[in-house]
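This is what each chain is made of:
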Amino acid sequence: MNQPANLGGGAAIAAAALRSDRFRIEREADWQRLEEILDQMEKGRIRRLSDEDLLDLPVLYRTVASSLSVARETSLDAATLAYLESLVQRAWFLVYGPRTSLGGWLGRFFGGEWSRNVRALRGEILVAFALMAAGTLVGWLLCAADNQWYYSLVPGQFLDARQPGASREVLLGTLFGNHQQQQLSTFAAFLFNNNSGVAITCFALGFAFGVPPMLLLIQNTTTLGAMLWLYHGQGLTLDMVGWLSVHGTTELFAILLAGAAGLHIGRSMAFPGELTVLDAAARAGQRASVVMAGVLIMLAVAGLLEGFARQLIDNTPARLAVGYGMLAFWLGYFFLLRRVPPSSEAA
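Keep in mind the model is a prediction, meaning the values are calculated, not measured.

Conventions and cut-offs
- Residues numbered from 1 in each chain as written.
- Predicted model: local features only at pLDDT ≥ 70, side-chain atom pairs only at ≥ 80, totals over all residues.
- Heavy atoms only, no water.
- Helix = DSSP H or I, 4+ residues; strand = E, 2+ residues; numbered from the N terminus.
- Buried < 20%, exposed > 50% of the residue type's maximum accessible area, 1.4 Å probe, protein only.
- Contact = heavy atoms within 4.5 Å.
- Areas by Shrake-Rupley, 256 points an atom, 1.4 Å probe, with all protein chains shown as cover.
- Expected span 1.5 Å × (residues − 1).
- pLDDT = per-residue confidence, 0-100.
- Salt bridge = Lys/Arg side-chain N within 4 Å of Asp/Glu carboxyl O.
- Phe/Tyr/Trp six-rings, centres within 6.5 Å; stacked < 30°, edge-to-face > 60°.
- Core = buried A, V, L, I, M, F, W, Y, C linked by side-chain atoms within 4.5 Å.
- Patch = residues over 30% accessible without salt bridge, like charges linked within 9 Å, V, L, I, M, F, W, Y side chains within 5 Å.
- Axes fitted to C-alpha atoms, helices over the stretch in contact; angles between N-to-C directions.
- Parallel < 35°, antiparallel > 145°, perpendicular 65-115°, else oblique.
- Nonpolar A, V, L, I, M, F, W, Y, C, P; charged D, E, K, R; others polar.
- Left-handed = near helix turned anticlockwise from the far one by under 90°.

Topic: the overall build of the chain
(1) Moving on: A count of helices and strands for the chain gives 12 helices and 0 strands.
(2) Moving on: Taken from N to C terminus, the helices and strands of the chain fall in the order α-α-α-α-α-α-α-α-α-α-α-α.
(3) Moving on: Evaluated residue by residue, the chain yields a buried proportion of 41% over its 347 residues.
(4) Moving on: At a minimum sequence separation of 6, the contacts of the chain that also span at least 24 residues come to 78%.
(5) Moving on: Of the roughly 18200 Å² of accessible surface on the chain, 63% is carried by carbon and sulfur atoms.

Regarding helix α2 (residues 51-73)
(1) Moving on: The first and last C-alpha atoms of α2 sit 34 Å apart over 23 residues, in line with the 33 Å expected at 1.5 Å per residue.
(2) Moving on: Those residues of α2 that fall on the buried side of the exposure criterion are Asp 53, Leu 57, Leu 60, Tyr 61, Val 64, Ser 67, Leu 68 and Ala 71.

Details of the confidence of the model for the chain
(1) Moving on: For the chain, the mean per-residue pLDDT works out to 82, and 84% of the residues sit at or above 70.
(2) Moving on: Within the model, the stretch residues 343-347 combines pLDDT values under 50 with 10 contacts to residues more than four positions away or in other chains.

Quick look at the pattern of salt bridges
(1) Moving on: Applying the stated criterion across every chain yields a total of 9 salt bridges.
(2) Moving on: Between Glu 42 and Arg 90 there is a salt bridge, and its shortest N-O distance comes to 2.9 Å. Taken together, the residues Glu 42 in helix α1 (residues 2-42) and Arg 90 in helix α3 (residues 78-96) connect sequence positions 48 residues apart.
(3) Moving on: Looking at Glu 42, the relative accessible area reads 45%, which means it is partly exposed.
(4) Moving on: Asp 314 is the salt-bridge partner of Arg 319, the closest N and O atoms lying 3.4 Å from each other.
(5) Moving on: According to the relative accessible area criterion, Arg 319 is buried, its value standing at 0%.
(6) Moving on: Given a relative accessible area of 35%, Asp 314 falls into the partly exposed group.
(7) Moving on: Connected via shared salt-bridge partners are Arg 33, Asp 53 and Asp 56.

Topic: the packing of aromatic side chains
(1) Moving on: Under the defined criterion, the tally for this structure stands at 15 aromatic pairs.
(2) Moving on: On the numbers, 5.4 Å between centres and 15 degrees between planes, the contact of Phe 109 with Trp 114 is stacked.
(3) Moving on: Ring centres of Tyr 150 and Trp 229 lie 6.1 Å apart, and the angle between their planes is 50 degrees; this geometry places the pair in the tilted category. Taken as a pair, Tyr 150 in helix α6 (residues 149-153) and Trp 229 in helix α9 (residues 211-232) lie far apart in primary sequence, 79 residues in all.
(4) Moving on: The exposure class of Tyr 150 is buried, given its relative accessible area of 0%.
(5) Moving on: Look at Trp 229 and you get buried, because its relative accessible area is 18%.

Things to note about the nonpolar core
(1) Moving on: Grouped together as the largest cluster of nonpolar side chains are 40 residues, with contacts concentrated most on Trp 114, Leu 257, Val 295, Met 298 and Phe 334.
(2) Moving on: Secondary structure elements with two or more residues in this core: α4 (102-119), α5 (122-145), α8 (181-204), α10 (237-270), α11 (277-312) and α12 (316-335).
(3) Moving on: Considering every element that reaches this core, the biggest residue donor is α10, with 12 residues.
(4) Moving on: Ignoring anything within four residues of it in the chain, the contact list for Trp 114 reads Phe 109, Val 290, Val 291, Gly 294, Val 295, Met 298, Trp 330, Tyr 333 and Phe 334.
(5) Moving on: In terms of nonpolar packing, the next biggest core, distinct from the first, is built from 21 residues, Leu 34, Val 64, Val 88 and Ala 91 among them.

As for a nonpolar patch on the surface
(1) Moving on: Among the surface-exposed residues, Trp 105, Leu 106, Phe 110 and Ile 297 lie close enough to one another that they form a single nonpolar patch of about 310 Å² accessible area.
(2) Moving on: Topologically, Phe 110 is positioned in helix α4.

Re the packing of α9 against α10
Think of two packed helices as two axes; the pair is described by the angle between the axes and how far apart they sit.
(1) Moving on: Taken N-terminus to C-terminus, the directions of α9 and α10 make an angle of 175 degrees; their axes are 11 Å apart at the nearest point. When the interaxial angle is binned, α9 and α10 end up roughly antiparallel. Residues Pro 213, Met 214, Leu 217, Asn 220, Leu 224, Met 227, Leu 228, Tyr 231 and His 232 of α9 lie in contact with α10, whose contacting residues are Thr 237, Met 240, Val 241, Leu 244, Leu 252, Ile 255, Gly 259, Gly 262 and Leu 263.
(2) Moving on: Of the residues belonging to the contact of α9 with α10, the class tally is 13 nonpolar, 5 polar and no charged.

Thoughts on the environment of Gly 173
(1) Moving on: With respect to the element layout, Gly 173 can be found in helix α7 (residues 168-175).
(2) Moving on: For Gly 173, a relative accessible area of 15% puts it in the buried group.
(3) Moving on: Sequence separation of Gly 173 and Ala 161 is 12 residues, and the distance between their C-alpha atoms is 9.2 Å.

Quick notes on the environment of Leu 299
(1) Moving on: Tracing the chain through its elements places Leu 299 in helix α11.
(2) Moving on: Residues Leu 299 and Glu 251 lie 48 residues apart in sequence; the distance between their C-alpha atoms is 5.8 Å.

Concerning the environment of Asp 39
(1) Moving on: Mapping Asp 39 onto the fold places it in helix α1.
(2) Moving on: Take Asp 39: its relative accessible area is 29%, and that puts it in the partly exposed class.

Points about the packing of α5 against α10
(1) Moving on: For the pair α5 and α10, the least separation of the axes is 8 Å and the interaxial angle reads 120 degrees. Classified by the angle their axes make, α5 and α10 are oblique. Here α5 and α10 pass one another in a crossing that is right-handed. Counted together, Glu 124, Ile 125, Val 127, Ala 128, Phe 129 and Met 132 of α5 and Leu 252, Ile 255, Leu 256, Leu 257, Ala 260, Leu 263, His 264 and Arg 267 of α10 form the full contact between these two elements.
(2) Moving on: Along the lines of polarity and charge, the residues of the contact of α5 with α10 split into 11 nonpolar, 1 polar and 2 charged.

This is the structure:
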């Protein structure tokens, strides 16, 4: 009884092997040709390929992909399946994969793509700027009306010498002199960490129709307004602005752009026009993500300025020159540079 079954099983195996061999023989020439083209391209020898090879590459890719589909449906041998899967993956990367090197991407990003996407957010940037200015003004006016607001708006760990009623000499000592650099570094590090978090949160919560970014922009700058009010009371407004401007112009500009990016997503969702809400959000998200990639770069630059330039420069005119020189640089880069991003380079 077992012998006929064994014979039947052997016949099935032989038939499957024959079917696999026929399948390979009929199509193997295309597989081998595609593999030879891929080998040349992966070794950087694309110039050795003929025009015919390059034109046939996508056709051969689709042919092999079709062979893989058939092989899976007919359960051909595992070796053939593994070979075809590897070949299709390699071909997909060269036909549809990234076409730009890292250097090419950076060149396109800094050469116009970033600034072009920032300019596309002009309306949201103006709204974000108005909200930040309003937050600063609110912080100032609240403290001017009742100095107890100062303790609510300024983090408790920085209520050392910087408190209502502090003398001019005490407040001046927090801005100049090496003996206070440790405290200033701590305060500046807090500002950097806080502002970085605000920038990312403004962008991340933009999907809620832009409401959270607006509130965050106002809330974050009330602390700035309270600090300016305190130093203004002792005639140190310009010195305080100089101290903050070294890294603050870059850092606050980054927050401004992050808030604008969040508002852009929220506005697109609230007023999608002819698009669906999801399509409008996706399109706005692509533009905003480019802006946010640059925001992270700006925050890193602000960190370097805070860690070195602000520590080394100990006079207000030089601080103002550095801070507003950086502001002029960013404004010029975003709104005066009108280069078209260079085309992608071949990998």
